[in-house]
Amino acid sequence: MARQTGDDETRYTAARRLHARHQPLWLVLWGAASRRYIAFYQGDADVTPLTDTTPHGLDARIRQAQAVIARTRPHSYWHCPVRGCAWTSITPTPHAPCPGPREAP
């Protein structure tokens, strides 16, 4: 029995949700042929496309990659100006209270 495009609708929806959560730095797609979620980094670092078979797995891989990018390319991220605050983001983000290094997102 041939696979129909409609069979993947929930996976396309999950990919759209992941894309919305991680844009503008990540383009997230569902690869129907590969049966994997794929994320392409759109920032200024060289990142190999990430893949996983589940949306939760890809979300974890994206967050891990972002942590590595934040450590290795700190100029790519905004850092809170409060001394001792560990908050980083792709854009200036209001937050309170400032988290310490062990509490950072």
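**Q** Just give me the short version of a nonpolar patch on the surface, but keep the residues and values in it.
**A** Taken together, the side chains of Leu-27, Leu-29 and Phe-40 present a nonpolar region at the surface, about 210 Å² in accessible area. The residue Phe-40 is located in strand S2 (residues 36-41) in this model.

**Q** Report on helix H1 (residues 9-22), specifying residues and quantitative values.
**A** The end-to-end C-alpha distance of H1, which contains 14 residues, comes to 20 Å, matching closely the 20 Å that a straight helix rising 1.5 Å per residue would cover. Those residues of H1 lying buried are Ala-14, Ala-15, Leu-18 and His-22. In a view along the axis of H1, the buried residues occupy a sector of 100°, so they form one face of it. The exposed set on the far side of H1, more than 90 degrees from its buried face, consists of Thr-10 and Arg-17. Of the surrounding elements, those touching the buried residues of H1 are strand S1 (26-31), S2 and helix H2 (55-72).

**Q** Could you give an account of unusual backbone geometry, with specific residues and numbers?
**A** Excluding glycine, residues mostly carry a negative phi; peptide bonds, for their part, are mostly trans. With an omega dihedral of 10°, the bond running from Gln-23 to Pro-24 counts as a cis peptide bond. For Pro-24, the location among the structural elements is in the loop between H1 and S1. Not every positive phi belongs to a glycine, and Arg-35 is a case in point at roughly 60°. Looking at the element boundaries, Arg-35 is found in the loop between S1 and S2.

Rules used throughout
Residues numbered from 1 in each chain as written. Predicted model: local features only at pLDDT ≥ 70, side-chain atom pairs only at ≥ 80, totals over all residues. Heavy atoms only, no water. Patch = residues over 30% accessible without salt bridge, like charges linked within 9 Å, V, L, I, M, F, W, Y side chains within 5 Å. Areas by Shrake-Rupley, 256 points an atom, 1.4 Å probe, with all protein chains shown as cover. Salt bridge = Lys/Arg side-chain N within 4 Å of Asp/Glu carboxyl O. Helix = DSSP H or I, 4+ residues; strand = E, 2+ residues; numbered from the N terminus. Expected span 1.5 Å × (residues − 1). Buried < 20%, exposed > 50% of the residue type's maximum accessible area, 1.4 Å probe, protein only. Arc of directions from axis to C-beta. Contact = heavy atoms within 4.5 Å.

The analysis is restricted to geometry; functional conclusions fall outside its scope.
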